[in-house]
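Structural description and commentary
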Amino acid sequence: MEFIEVHNPATGEVIDRIESFDPRQMSDVLEKARSAQKKWAKLSFKLRGQHLNKGKQYILENQERIVKVISKNNGKPNYEALAHDVLPALSAIHFAQNKIPGILRDRRVGLGWYLANKSNYYAYEPLGIIGIISPWNYPLNTPFTELVFALMCGNAVILKPSEVTGSINLVISEIVHAMQLPEGLFQILHGKADVGAALASSKVDRLIFTGSTSTGKKVMAAAAQNLTPLTLELGGKDCMIVFEDSDLDVASSAALAGGFYNAGQACCSVERILVQNSIYQPFCELLSQKAAKLRQGPSIGFENDLGPVTFEGQKRIYQEQRSEFKKHNLKIIHGNIEYDGKANFHPPLIVEGRPGVSLWDDETFGAVMAIKSFQTEQEAIETHNLSPYGLTAVVYSRDQKRALRVARQLRVGIVTINDGPYMNAVSAAPWGGFRDSGFGKVHGPQGIRDLCRETLISRDLLGQLKQYWWFPYTQRQYLMMKNFILVIVGDGIFLKLKSLIKTVYYFFTMGRRI
């Protein structure tokens, strides 16, 4: 029997020991999940929602304790634990109860006037078992919203959460236990990479992975063994573009919040900023002044804005990127480039950047921002799109037409105008990116429907009749089809009418179908 030690990232102290799952038991887990899911799928949305509502009540009754567990285990400030983890978890249940039944209603599909005798619609049924592999940076928000949506859609859920924030995983188990679900419908697998690998290569019906791009590629390769469909929500090197007509006070505050909430440990953190030449210096000065006011320390009350480095492995990345930065002789706008790779806290760092430098090109996942100036709108767009990542972007400008024009040309999944990144906390908003930031959506109508089997059902309104395209093939049938094509796609009303007359003639003279 193996145990995982859970540490307080601010102090290093051990705060929990959790028994690790044995990957050899995966077949038993799947069998239990399939058995429970068959019963769960027969329940109405209303009954499923009633179960989920018990989890909502549990969170509301225990939210102060949950906030403290998140802050102590993940390191983020109490406010962020409440607003960025607890609130999205609660709103996910509310969204599931009130919106998912409508999203999964049968959807009519029009196939054209020439098939007016057909009634066509999409029907949605549960996929079966949804596997979820989730990270440590939003340890309640990310896995909980995904499991709530999967359950509401009628699926079973197998969750492999991050072992780094194991104490919060126990809280998730408590919340789901309060829902009084059928035994085996939800199962949580505590463990390290070997447990995640076992889930990725198992025969679940869909896999949702949130994490780094490098690990995402491994998960995709494992899922390919069984042709398991998957959603990958991966890393980012997200950028803010600030035009010269922006309110510098507001834009610099947005950059500060977007770059440094959760101590920069978010896939959608603002890690790059492009600032138009004429406002570059005053913007940098404002940002530096505001960064100097941020309070950093253990999250034991309300005296800090930034917590510690949650994951030990990030410290190596910070050290490597800083070492590489020194070689390029670029300017430090705020902070200290020195970092020994051991400190629990990573003070905010703002530097000049440019393509070809790791701090500009590669995801940091920490309290680091790189800034570069630009001259023209087109230059900003091209510089932004050089990145292989494509998760989110931010555009600041008083000129709404320009902001919208630029937003449409950025190769990302989500663009916010005159605000920082926030969509990951909104259940109604589809969330996901492109290229090295992954593919597929979680949340929103698209993310919900991906948790279901989408079946197109076509019914003939005229009953059981032999169709004109059936056997036997004849010359008159061929001529009818030749004219029918012109009725559908031909140019000009006279050609269409002439072809329609011929179509009707050949239709009634081509003979009976076998």
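Refer to the structure presented above.
Description of the structure in this document.

Cut-off values and rules
Residues numbered from 1 in each chain as written. Predicted model: local features only at pLDDT ≥ 70, side-chain atom pairs only at ≥ 80, totals over all residues. Heavy atoms only, no water. Pairing = 2+ DSSP bridges. Helix = DSSP H or I, 4+ residues; strand = E, 2+ residues; numbered from the N terminus. Axes fitted to C-alpha atoms, helices over the stretch in contact; angles between N-to-C directions. Contact = heavy atoms within 4.5 Å. Expected span 1.5 Å × (residues − 1). Buried < 20%, exposed > 50% of the residue type's maximum accessible area, 1.4 Å probe, protein only. Polar contact = N/O pair within 3.5 Å; in protein donor to acceptor, adjacent residues only side chain to side chain.

Section: the sheet that holds strand 14 (residues 368–374)
With respect to topology, seven strands assemble into an open sheet ordered 12-13-14-11-10-16-17, the strand pairing being mixed. Two strands in the sheet have a free side with no partner beyond their single neighbour: strand 12 (332–334) and strand 17 (414–417). Neighbour-to-neighbour, the strand axes of this sheet turn through a mean angle of 25°, independent of strand direction. As paired elements, strand 10 (residues 238–242) and strand 11 (residues 270–276) share five bridges and run parallel to each other.

A few points about the sheet that holds strand 6 (residues 156–160)
Read across the sheet, six strands follow the order 7-6-5-8-9-19 without closing on themselves; strand pairing throughout is mixed. If you trace the sheet from one side to the other, it starts and ends with strand 7 (186–188) and strand 19 (438–439), each paired once. Pairing of strand 9 (residues 230–233) with strand 19, which is carried by two bridges, proceeds in the antiparallel orientation. Directly across from glutamate 233, in strand 19, lies its bridge partner glycine 438. Packed onto the sheet, helix 1 (residues 26–40) meets strand 5 (129–133), strand 6 and strand 7 and runs at close to 150° relative to strand 6.

Topic: helix 8 (residues 248–260)
Taking 1.5 Å per residue, 13 residues should reach 18 Å; helix 8 reaches 18 Å between its end C-alpha atoms and fits that length. When we look at burial in helix 8, the residues that qualify are Leu248, Ala251, Ser252, Ala254, Ala255, Leu256, Gly258, Gly259 and Phe260. In this structure, the buried residues of helix 8 make contact with strand 10, strand 11, helix 9 (280–291), strand 13 (349–352), strand 14 and strand 16 (392–396). The opening residue of helix 8 is aspartate 247, an N-cap whose side-chain oxygen sits 3.0 Å from the backbone nitrogen of aspartate 249.

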